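In case you want the letters, here they are:
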Amino acid sequence: MEHAQGTLMKSGLGSTECSQCPRLVALRQAVRDRYPDYFASPVPSFGDPEADFLVVGLAPGMHGANRTGRPFTGDHAGILLYEALYQSGFSNQEKADDPGDGLRLSNCRITNAVRCLPPENKPELSEIRACNSLLSRELSMTPAPSVILALGRVAHQAVLMALGLQAAHFSFAHGALHELPDGKILVSSYHCSRYNTQTRRLTREMFLDVMQKARSCLRP
Ligand code: URA
């Protein structure tokens, strides 16, 4: 199975064989037993491999990326994320609910702090650490000057960890912008989860604004 801009290879980066996190491996097996059609493997990044703009989410959602194999595809969080990317000129279409939908990202790539489905959407620190080398690799593929949009505090902290930076020096807030020592710019946002949007902690307008802010930091 292939995506236009990401290969659902069950080997290499994001390998099915990854067995570093016993809790996530057990959940993956349980999901495969219950939903044999689900991707239920580490979800690879999606988008332009040479992008200057990297969006970092938390982890695949049970019936979203864990089902479809593409970050933020098929669940509630993806509706707002892909709308905002389209509105800011990072994609060819707003519709993004199926890996076969023809979506292409331009100068944008999406990844997650943790690539496997965590129970209750809550990865443990050891799981974030275990996946952090993959995030480091993603970040090294987006050399400065580049812009990173972290969705939620966990993604924000995972980015800092992957870059060997101390979270205490780069505090998380919605709309916060930090210039990092290597010249990258880190913009942070509340996660576009169903919970955050339904409680209106994050409105559509707030999210479109933060996406525009990130866009405006990119070199012309
Ligand atoms: N889907 C993802 O891939 N990541 C998230 O953080 C949420 C949903």
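As shown above, the structure is provided for reference.
In this numbering scheme, every chain counts its residues from 1 along its sequence in written order. It should be noted that, the model being predicted, local features are given only for residues of pLDDT at least 70 and side-chain atom pairs only at 80 or more, the latter also being counted only at that level, while totals for whole chains, interfaces and linings use all residues. Excluding hydrogens and water, the side-chain values take into account all heavy atoms of the structure.

1. Some words on the pattern of salt bridges
Between side chains of opposite charge, pairing is possible as soon as their charged atoms come close.
Inference 1: Salt bridges are defined as contacts in which a side-chain nitrogen from Lys or Arg sits within 4 Å of a carboxyl oxygen from Asp or Glu. Evaluated as defined, the whole model comprises ten salt bridges.
Inference 2: The salt bridge partner of Arg23 is Glu124, with a shortest N-O separation of 3.7 Å. Placement of Arg23 in helix H1 (residues 22–34) and of Glu124 in the loop between strand E3 (108–112) and helix H4 (125–140) is noted, with a sequence separation of 101 residues between them.
Inference 3: Taking relative accessible area as the criterion, Glu124 reaches 40% and is therefore assigned partly exposed.
Inference 4: For Arg109, the salt bridge is made with Glu138, and the minimal N-O distance between the two is 2.8 Å. Within this pair, whereas Arg109 is found in strand E3, its partner Glu138 is found in helix H4, the two being separated by 29 residues in sequence. Comparing Arg109 with Glu138, the two get one shared label, buried. The helix count covers DSSP runs of H or I at least four residues long, the strand count covers runs of E at least two residues long, and both are numbered beginning at the N terminus. Only protein chains enter the area calculation, which uses a 1.4 Å probe; residues under 20% of their type maximum are buried, those over 50% are exposed, and those in between are partly exposed.

2. What about the site of the ligand?
Inference 1: Summary of the distance rule: residues count as near a molecule or strand when at least one heavy atom falls within 4 Å of that molecule or strand. Taken together, Gly57, Leu58, Ala59, Pro60, Gly61, Ala65, Pro71, Phe72, Asp75, Asn112 and His191 are the residues near the ligand.
Inference 2: Between the ligand and Ala59, the relevant distance is 3.0 Å, taken from a nitrogen atom to a main-chain nitrogen or oxygen of the residue.
Inference 3: In the environment of the ligand, an oxygen atom lies 3.0 Å from a nitrogen or oxygen atom belonging to the backbone of Phe72. Identification of polar contacts relies on pairs of N or O atoms within 3.5 Å, with a donor-acceptor requirement for protein atoms, meaning one able to donate a hydrogen and the other able to accept it, and with residues adjacent in sequence counted only if both atoms are side-chain atoms.

3. So, the pairing of strand E4 (residues 147–151)
Inference 1: Among the five residues of E4, five are classified as buried, and the element is accordingly described as predominantly covered.
Inference 2: Of the two faces of E4, the one carrying Val147, Leu149 and Leu151 and the one carrying Ile148 and Ala150 are both buried.
Inference 3: DSSP calls a pair of strands paired once it identifies at least 2 bridges connecting them. Note that strand E2 (residues 53–57) and E4 share four bridges and pair parallel. Counterpart to Val55 in the pairing with E4 is Leu149.

4. Focus: the side chain of Asp101
Inference 1: Mapped onto the secondary structure, Asp101 falls in the loop between helix H3 (76–87) and E3.
Inference 2: Of the residues examined, Asp101 reaches a relative accessible area of 14% and is grouped as buried.
Inference 3: In what follows, a contact means two residues having at least one pair of non-hydrogen atoms within 4.5 Å. With residues up to four places along the chain from it excluded, the contact list for Asp101 reads Arg70, Gln93, Lys95 and Ala96.

5. Points about the nonpolar core
Inference 1: Phe53, Leu81, Leu85 and Phe207 are the most contacted members of the largest nonpolar core, which totals 29 residues.
Inference 2: Secondary-structure elements contributing two or more residues to this core are E2, H3, E3, E4, strand E6 (185–189) and helix H7 (204–217).
Inference 3: The residues contacting Phe207, other than those within four sequence positions of it, are Leu80, Leu81, Ala84, Leu151, Ser189, Tyr190, Cys192 and Leu202.
Inference 4: Within the second largest apolar cluster, 23 residues are counted, among which are Val56, Leu58, Leu139 and Ala162. Each nonpolar core is a collection of buried residues, namely Ala, Val, Leu, Ile, Met, Phe, Trp, Tyr and Cys, held together in the definition by side-chain atoms within 4.5 Å.

6. With respect to the packing of H3 against H7
Inference 1: Here the axes come from fitting lines to C-alpha atoms, over the contacting stretch only for helices, and the angles between their N-to-C directions go from 0 to 180 degrees. It is the contact of H3 with H7, at a shortest axis distance of 9 Å, that shows an interaxial angle of 45°. In terms of orientation, H3 lies oblique with respect to H7. In terms of crossing hand, the pair formed by H3 and H7 is right-handed. Between H3, through Leu80, Leu81, Glu83, Ala84, Leu85 and Gln87, and H7, the contact on the second element is made entirely by Arg204, Phe207, Leu208, Met211 and Gln212.
Inference 2: Three categories are distinguished: nonpolar for Ala, Val, Leu, Ile, Met, Phe, Trp, Tyr, Cys and Pro, charged for Asp, Glu, Lys and Arg, and polar for the others, with Gly belonging to the last. Class assignment for the residues of the contact of H3 with H7 results in seven nonpolar, two polar and two charged. Angle categories: roughly parallel below 35 degrees, roughly antiparallel above 145, roughly perpendicular from 65 to 115, and oblique for all the rest. Left-handed describes a crossing whose near helix is turned anticlockwise from the far helix through less than a right angle; right-handed describes the clockwise counterpart.

7. Examining the packing of aromatic side chains
Inference 1: Between the rings of Phe, Tyr and Trp (Trp by its six-membered ring), a pair exists once the centres lie within 6.5 Å; its type follows the angle of the planes, with under 30 degrees stacked, over 60 edge-to-face, and the other angles tilted. The tally for this structure, following the rule as stated, stands at three aromatic pairs.
Inference 2: Look at Tyr35 and Tyr38: their rings are 4.4 Å apart centre to centre, the planes differ by 10°, and that puts the pair in the stacked class.
Inference 3: Here Tyr35 falls in the partly exposed class, since its relative accessible area comes to 21%.
Inference 4: Judged by its relative accessible area of 16%, Tyr38 is buried.
Inference 5: For Arg70, the ring lying beneath its charged end belongs to Tyr82, and the centroid distance is 5.9 Å.
Inference 6: The ring of Phe90 carries the charged tip of Arg215 above its face, separated from the ring centre by 4.3 Å. Consider the ring centre and the ring normal. A charge sits over the ring if Lys NZ or Arg CZ is within 6 Å of that centre and within 35 degrees of that normal.

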